[in-house]
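Coordinates in review
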Amino acid sequence: MPSATVNNHRPSELLSRLASSEPEVKLRALREVKNQIIGNRTKKLSFLKLGAVPAVAGILADSADDVIDCNNNDCNVNNNINSILVQSAAALGSFACGFDAGVQAVLDAGAFPNLLRLLSNSNEKVVDAGARALRMIYQSKLAPKYDFLQQKNMEFLISLLNSENENVSGLGASIITNSCETSLEQKALFDAGILRRLNSLLECGSLSQKDASLESLASIFKNNSEVVSKFAGPEIERPLGSIIDLLKDRYPRTRLLACMCLIVIRSTSPNLLQDIGIKSKLIHILIELLDDPGQVGDEAPFAFSSLIAQKEDLQKLALEANAIDKLHHHLQKGSLHPRRYEGILLALADMCSKLESCRSKFLSLQVLNLVTDALTVDSADVRTAACICLKSVTRSIKVCNVGNSFAVLVLIFNANRAYEMPIQNLSAGYFINEMVVVPLVQLFLDPSTSVQVAALGAISNVVVDFTTHKCIFVQCGGMKQLVQLATSMESAVRSNALWALKNFVFLADNRLKESVFSELTASLLSSLICDPEPSVQEQALALVRNLVDGCINSVEFMFAEDGLILGAIGRQLQSTVKAEIGIQGMYALCNVASGNEFHKEAVMHQLFPQMVDKNQSFMINFLQSNDSQLRTATVWTIVNLTCRSSPGAFGRLVKLRNAGIVSQIKNMVNDPCVDVKLRVRTVLGQSMAFGDN
């Protein structure tokens, strides 16, 4: 059998051929450019650097202008022109396909309006080529947005969707997927009857039309319960049935898109699709699609994550369907595409985010080793996903270790001290070992900010440990690096570094706290308390709260460098309008107030600085807050300040009464929050002991 002729002209040679005045030479050059760049990013870049896109766009523009009515001898000319139009559109579409740099080049070259002109060409092949190229562009976020609120744009969209050419109607659906972002646009599309047309394409359209319609429907439904309710109502025939039917489609991509569309509907309107059969079917299909070797298999774990995220009932069903076993099996294969690798790790993270049974299964399968290996791969997205997975698994209060389990119970309030306890973020000593800690610490200096933040999130859970294992983290330089990251230019890094330090000193011994404080210094900690970013302020105050645990030695941290930290807390409480900052600041003062007389008076000075009108104290605002945690923290501080065993308690009680605090406390005896009510009764009992009726 004779071998096929292979054109292998170099890009520079082809570029010169594109400039030829001979139509046949130009046509062959266009065809060869298209064939060379299909699926080849390296070739695309080579041609981009040589300026091939403007050259092809120029040919398209010139040829579109040259189109003439076909009569007599003009037919041959028109056929040549149409062939050039088809090949130039195909080449531009190939440049844009899955390649944002190519999309930008096509748009910069001014080809977009000329591609639109092709849709009105009398030649069906030209129309099809133009529609294909435009669909490639509309796969990218760089594509021009359509304003559906303008009547002419809506009419144009309807004409596309009503076209018998499947690429033209598919283009209409792709435009919706790319451009529909607001609730007004979603409603406008529904009111214009677009959903009815899309639903009919689901029922009787081609494969391409079904897939494009599913994607556009998901965009119209997203976060718009009103549109979903209307779609599920009587206005549209078999609304959800047409989507559910596609779960059984023979094509994997169609099944995936049908799953994704139904997931959007469930997330937007939780009262729909509650049948356990549908839930189980979605889980089984998505797990099955993991076996697909192509893009469908790469995207399936992301769809699976969006289905089960924050939903215990679905996580339980997924566990029963052996989802963790199957995700583990795919991880074991190795040599995964980065997108698939990332998706599987995130799916495992969501599986382990709520249920102890899922975390136990994760550990029993030794998945931890594979996740730890992912911390060192080349892809930043994979490293980030591995960190998120570790954070999810280490949330466990009870961690199973080869069949043995133990629980850690922590009291948030211990005597008169208030700790910032990591809610659902407790790990036992299982994770405190070099295999996990060392690679996480190394990621603190990762060039990717997202990796840094994710690594800090994971280590925040790992370091919450009540044994001597914290020394491992110190020995590998983790503690010092956290302090350095607390000064990062990125607010997310600063905030998460402080979060990790806060957890690290949780219930730590005095020696460890002194080490942390000596690294931080009072001046740095006070500046972080006054950071421009509220999230950083909150975590800095929470760190102080855990550093000052009511013991005299740790309370003294507040008075270092002439009381810089205490003064910073007072200033923040005076000016803050955020309850979260007030809560952490008041608990920090609450712990200081559990110290001796000097400490209590220092707290009073911060609560009631020199003011003309004492009734303007922020304490009144805190006690009247709608946030029960802020009310609790404030009343708890007053409890410590007015403790009957303290010699100066009566004097402080008088100041509190004069400032209107005691009167406000009396109004809170029936507070709806039990914690507040109990502390209010304690304050009033202490007040009555001093003769205050």
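For clarity, every value in this text was computed on a predicted model and none was experimentally measured.

**Thoughts on the pattern of salt bridges**
If you walk through the whole model with that rule in mind, you get 18 salt bridges. The shortest N-O distance in the salt bridge between D325 and K361 comes to 3.5 Å. Of this pair, D325 sits in helix α20 (residues 323-333) while K361 sits in helix α22 (residues 356-364), placing them 36 residues apart in sequence. Looking at D325, the relative accessible area reads 26%, which means it is partly exposed. With relative accessibility at 27%, the residue K361 sits in the partly exposed group. The network of salt bridges with shared partners includes D211, E215 and R253.

**Side note on the environment of E164**
One can find E164 in the loop between α9 (151-161) and α10 (166-179). Expressed as a C-alpha distance, the spacing of E164 and G205, which sit 41 residues apart in the sequence, is 9.8 Å.

**What about the packing of helix α24 (residues 380-393) against helix α26 (residues 449-462)?**
One way to put it is that α24 packs onto α26 with a least axis distance of 8 Å and a crossing angle of 15 degrees. Here α24 lies roughly parallel to α26, going by the angle between them. The chirality of how α24 crosses α26 is left-handed. Residues A380, R383, T384, C387, I388, L390 and K391 of α24 form the contact with α26, whose participating residues are S450, V451, A454, A455, G457, A458 and N461. A per-class count over the contact of α24 with α26 returns eight nonpolar, four polar and two charged.

**Thoughts on helix α29 (residues 491-504)**
Here α29 contains 14 residues, and its C-alpha end-to-end distance of 20 Å stays within 8% of the 20 Å for a straight helix at 1.5 Å per residue. Of all the 14 residues making up α29, eleven are buried; the element is thus mostly covered by neighbouring parts of the structure. When we look at burial in α29, the residues that qualify are V493, R494, S495, N496, A497, L498, A500, L501, K502, N503 and F504.

**A look at the confidence of the model for the protein chain**
Across the protein chain, pLDDT averages 87, with 88% of residues at or above 70. Scored below 50 in pLDDT, residues 1-6 makes zero contacts in the model with residues more than four places away or belonging to other chains.

**Focus: the side chain of K600**
Examined against the element boundaries, K600 turns out to sit in helix α36 (residues 597-607). Buried K600, no salt bridge; nearest opposite-charge side chain is E597, N-O distance 5.8 Å.

Criteria and cut-off values
Residues numbered from 1 in each chain as written. Predicted model: local features only at pLDDT ≥ 70, side-chain atom pairs only at ≥ 80, totals over all residues. Heavy atoms only, no water. Salt bridge = Lys/Arg side-chain N within 4 Å of Asp/Glu carboxyl O. Helix = DSSP H or I, 4+ residues; strand = E, 2+ residues; numbered from the N terminus. Buried < 20%, exposed > 50% of the residue type's maximum accessible area, 1.4 Å probe, protein only. Axes fitted to C-alpha atoms, helices over the stretch in contact; angles between N-to-C directions. Parallel < 35°, antiparallel > 145°, perpendicular 65-115°, else oblique. Left-handed = near helix turned anticlockwise from the far one by under 90°. Contact = heavy atoms within 4.5 Å. Nonpolar A, V, L, I, M, F, W, Y, C, P; charged D, E, K, R; others polar. Expected span 1.5 Å × (residues − 1). pLDDT = per-residue confidence, 0-100. Lys, Arg positive; Asp, Glu negative; His and termini not counted.

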